[in-house]
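Tertiary structure, described
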Amino acid sequence: MEQIERARDLARLVLAESVPRRWAHSQGVGRKAESVAHLLGDDASALVSAAWLHDVGYAPDLVATGMHQLDGARYLRDVAGADALVCRLVANHSCAHIEGRNRGLSEVLASEFPPVEGLATDAITYADMTTTPDGEPVEVERRLAEILSRYGDGDLVAESIREASPLIINSVRVIEAALAER
Ligand SMILES: [Fe+2]
């Protein structure tokens, strides 16, 4: 629990003033992750911590490469001293490998923050992609459509999300199925 409280406090510190809408979103994603954390066993605390922190890379002071997943994970690793699993989940959330490839950062991403096998990656993507920018629950299809319209055709983030959509939807279905089994 201590790890989660520290993560929540850090996310608030980094996001609340500089990018308040990202903070509102992050609170919803953190809560959503808490609602599925029981599926994760030993990784539950890392999942919830990563959910609270997944968008810290949008804070203007942290922007370096412009890829928020990577910038956020590097901040968590190098400045905040976060747990390696938390950093890897943040770096790879919501199919970041596709955006990384489109930015020419595939090797950097994979070598610094190897993807996490198993349910934790699906779970953080589920939490992010079923939560609106304001932190409210939403269907994944509406979430994806909102991202595409917000960034606009041709934008690198939008095109990456478009390409990732089948994988993102699959992650959501995997978690929904795991919840239904419980
Ligand atoms: Fe997010």
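Just so you know, these numbers come straight off a predicted model, no measurement behind them.

Here is what the cut-offs are and how they apply
Residues numbered from 1 in each chain as written. Predicted model: local features only at pLDDT ≥ 70, side-chain atom pairs only at ≥ 80, totals over all residues. Heavy atoms only, no water. Helix = DSSP H or I, 4+ residues; strand = E, 2+ residues; numbered from the N terminus. Rg over C-alpha atoms; globule rule 2.2 N^0.38 Å. Contact = heavy atoms within 4.5 Å. Areas by Shrake-Rupley, 256 points an atom, 1.4 Å probe, with all protein chains shown as cover. Lys, Arg positive; Asp, Glu negative; His and termini not counted. Charge placed at Lys NZ, Arg CZ, Asp CG, Glu CD. Axes fitted to C-alpha atoms, helices over the stretch in contact; angles between N-to-C directions. Parallel < 35°, antiparallel > 145°, perpendicular 65-115°, else oblique. Left-handed = near helix turned anticlockwise from the far one by under 90°. Nonpolar A, V, L, I, M, F, W, Y, C, P; charged D, E, K, R; others polar. Buried < 20%, exposed > 50% of the residue type's maximum accessible area, 1.4 Å probe, protein only. Donors = N, O, S within 2.8 Å, 3.2 Å for Na, K, Ca; no water. Tetrahedral: all angles 85-135°; square planar, octahedral: opposite > 155°, others 65-115°. 1 Å grid on protein atoms, 1.4 Å probe; cavity = no way out; pocket = protein on both sides within 12 Å on 5 of 7 lines; lining within 4 Å. Points joined across faces, edges and corners; volume = space filled by probe spheres on them. Core = buried A, V, L, I, M, F, W, Y, C linked by side-chain atoms within 4.5 Å. Polar contact = N/O pair within 3.5 Å; in protein donor to acceptor, adjacent residues only side chain to side chain.

Describing the overall build of the protein
When helices and strands are counted, the protein shows 10 helices and zero strands. Reading the protein from its N terminus to its C terminus gives the helix and strand order α-α-α-α-α-α-α-α-α-α. A globule of 182 residues ought to have a C-alpha radius of gyration of about 16 Å, and the protein, at 15 Å, matches this closely. Within the protein, contacts between residues separated by at least 24 positions form 68% of all contacts whose residues are at least 6 apart in sequence. Summed over all atoms, the accessible surface of the protein reaches about 8,400 Å², with 51% contributed by carbon and sulfur. Within the protein, the 29 negative side-chain charges are centred at a point lying 2 Å from the centre of the 18 positive side-chain charges.

Quick notes on the packing of helix α1 (residues 2-15) against helix α2 (residues 20-36)
Two elements in contact, α1 and α2, have axes whose closest approach is 9 Å; the angle formed by their N-to-C orientations is 165°. Put simply, α1 runs roughly antiparallel to α2. Crossing angle aside, the handedness with which α1 passes α2 is right-handed. Two secondary-structure elements touch here, α1 through Ile4, Arg8, Ala11, Arg12 and Leu15 and α2 through Pro20, Arg22, Trp23, Ser26 and Glu34. Among the residues forming the contact of α1 with α2, the class breakdown is five nonpolar, one polar and four charged.

With respect to unusual backbone geometry
One non-glycine residue with positive phi stands out, namely Ser94, at about 55°. Relative to the elements of secondary structure, Ser94 occurs in the loop between α5 (84-92) and α6 (96-102). The backbone of Cys95 sits at a positive phi, close to 60°, despite the residue not being glycine. Here Cys95 shows up in the loop between α5 and α6. Using a relative accessible area of 12% as the deciding quantity, one classes Cys95 as buried.

Focus on the coordination of the iron ion
In the first shell of the iron ion, the protein supplies His25 (NE2), His54 (NE2), Asp55 (OD) and Asp128 (OD), at 2.1 to 2.6 Å from the metal. Coordination geometry of the iron ion: the four donor atoms subtend angles of 80 to 170° at the metal centre, consistent with an arrangement described as irregular. Between consecutive donors of the iron ion, the numbers of intervening residues give the motif H-x28-H-D-x72-D. Of this pair, His25 sits in helix α2 while Asp55 sits in the loop between α3 (44-53) and α4 (68-78), and the two are 30 residues apart along the sequence. Overall, His25 belongs to the buried group, its relative accessible area being 3%. Relative accessible area serves as the criterion here: at 3%, Asp55 is assigned to the buried category.

Some details on empty space enclosed by the protein
One simple way to see leftover space: roll a probe sized like a water molecule over the atoms. Evaluation of the coordinates by the stated rule reveals one cavity of 30 Å³ or more. Size it by volume and the largest cavity reaches roughly 210 Å³. Counting only elements with at least two residues in the lining of the largest cavity, the list comes to α2, α4, α6, α8 (119-129), α9 (140-151) and α10 (156-181). Taken together, the residues that form the lining of the largest cavity break down as 10 nonpolar, seven polar and six charged.

Concerning the nonpolar core
In this structure, Val14, Leu53, Val56, Leu76 and Ile168 are the most contacted members of the largest nonpolar core, which totals 59 residues. If you tally residues by element for this core, the top one is α3, at eight residues.

A few points about the side chain of Gln69
Following the sequence through the fold, Gln69 ends up in helix α4. Within the local environment of Gln69, its side chain forms a polar contact with the side chain of Glu99, the two groups lying 3.3 Å apart. Not counting residues within four places of it along the chain, the set of residues in contact with Gln69 comprises Val90, Ala91, His93, Ala96 and Glu99.

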